[in-house]
Amino acid sequence: MAKPMELPSSFTTLRPLKDMVLVKTADSEKETQGGVLLPDAAQRKPTSGDIADVGPDVKGLKKGDTVLYSKFGIGATDVKVAGTEYCMLRECDVIGIMPTAAARIEDVPQMKPCQDRVLLRVEEAADATAGGVLLPSSAKEKPTIAEVVTCGPGKEEEGEHVDVKLKPGQKVVFFKWAGEKMNMPDGTEYNVIPERDVLGTIQA
């Protein structure tokens, strides 16, 4: 894991500008769900934390919010200030707001998506072909059908607010590699994706 950029000890404060968000990162996951301790090199990069400060152009987030953010954000920068690790990223790379501080994976269904994102509950992959032949796990197609759980508030485009058009309860087909996949302890899969990556709605 790459080490964060560390500011000289003479600097104790980092303030974000424009639409940037400063997130105090959560501790790395040191145990698997089965309780097995992980070596430092195997710990996953944290993708959640508490917002320490926001830039003046940030619209939908505030200091103190616990958020889930994209670990693949182009502008995301890990930085250490006065011994504390933070991530500086753009507001558009924040996936959603978690319902409580110190949120756990089980809290994802209550997450509020940010901007034009939607929270989806993904249907399970088929266990058999149309002819009834059982498929091994490696051969199952990646699920692309899901139910909308929650929608974000929309986002600003060219100075105008654009609402999300999808509604909770709708069944949708989405771009198979889009978004951030999250698996619950009970095996339920959720995904948070931008509305633009939803290909269409479906009905029985």
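Residues numbered from 1 in each chain as written. Predicted model: local features only at pLDDT ≥ 70, side-chain atom pairs only at ≥ 80, totals over all residues. Heavy atoms only, no water.

*Asks:* Go over a nonpolar patch on the surface, please, and point to the residues and values.
*Replies:* Residues Phe175, Trp177 and Leu199 make up a contiguous nonpolar surface patch of roughly 400 Å² in combined accessible area. Relative to the helices and strands, Leu199 is located in strand β16 (residues 198-202). (Patch = residues over 30% accessible without salt bridge, like charges linked within 9 Å, V, L, I, M, F, W, Y side chains within 5 Å. Areas by Shrake-Rupley, 256 points an atom, 1.4 Å probe, with all protein chains shown as cover. Salt bridge = Lys/Arg side-chain N within 4 Å of Asp/Glu carboxyl O. Helix = DSSP H or I, 4+ residues; strand = E, 2+ residues; numbered from the N terminus.)

*Asks:* An account of the pairing of strand β10 (residues 145-151) is requested, with residue identities and associated values reported.
*Replies:* Bridging between strand β9 (residues 117-122) and β10 involves five bridges; their strand directions are antiparallel. Pairing of Val122 across the sheet is with Ala146, part of β10. Across three bridges, β10 lies against strand β13 (residues 171-174) in antiparallel orientation. Within β13, the residue paired with Ala146 across the bridge is Val172. (Pairing = 2+ DSSP bridges.)

*Asks:* So what's going on with the sheet that holds β13? Residues and values would help.
*Replies:* With respect to topology, six strands assemble into an open sheet ordered β14-β15-β9-β10-β13-β16, the strand pairing being antiparallel. Strand pairing shows two members of the sheet lacking a second neighbour, β14 (180-183) and β16, which therefore form its edges. Strand after strand, the sheet turns through a mean of 35° between neighbouring axes, direction not considered. Across four bridges, β14 lies against strand β15 (residues 189-194) in antiparallel orientation. Residue pairing for β15: Asn183 is matched across the bridge by Glu189. (Axes fitted to C-alpha atoms, helices over the stretch in contact; angles between N-to-C directions.)

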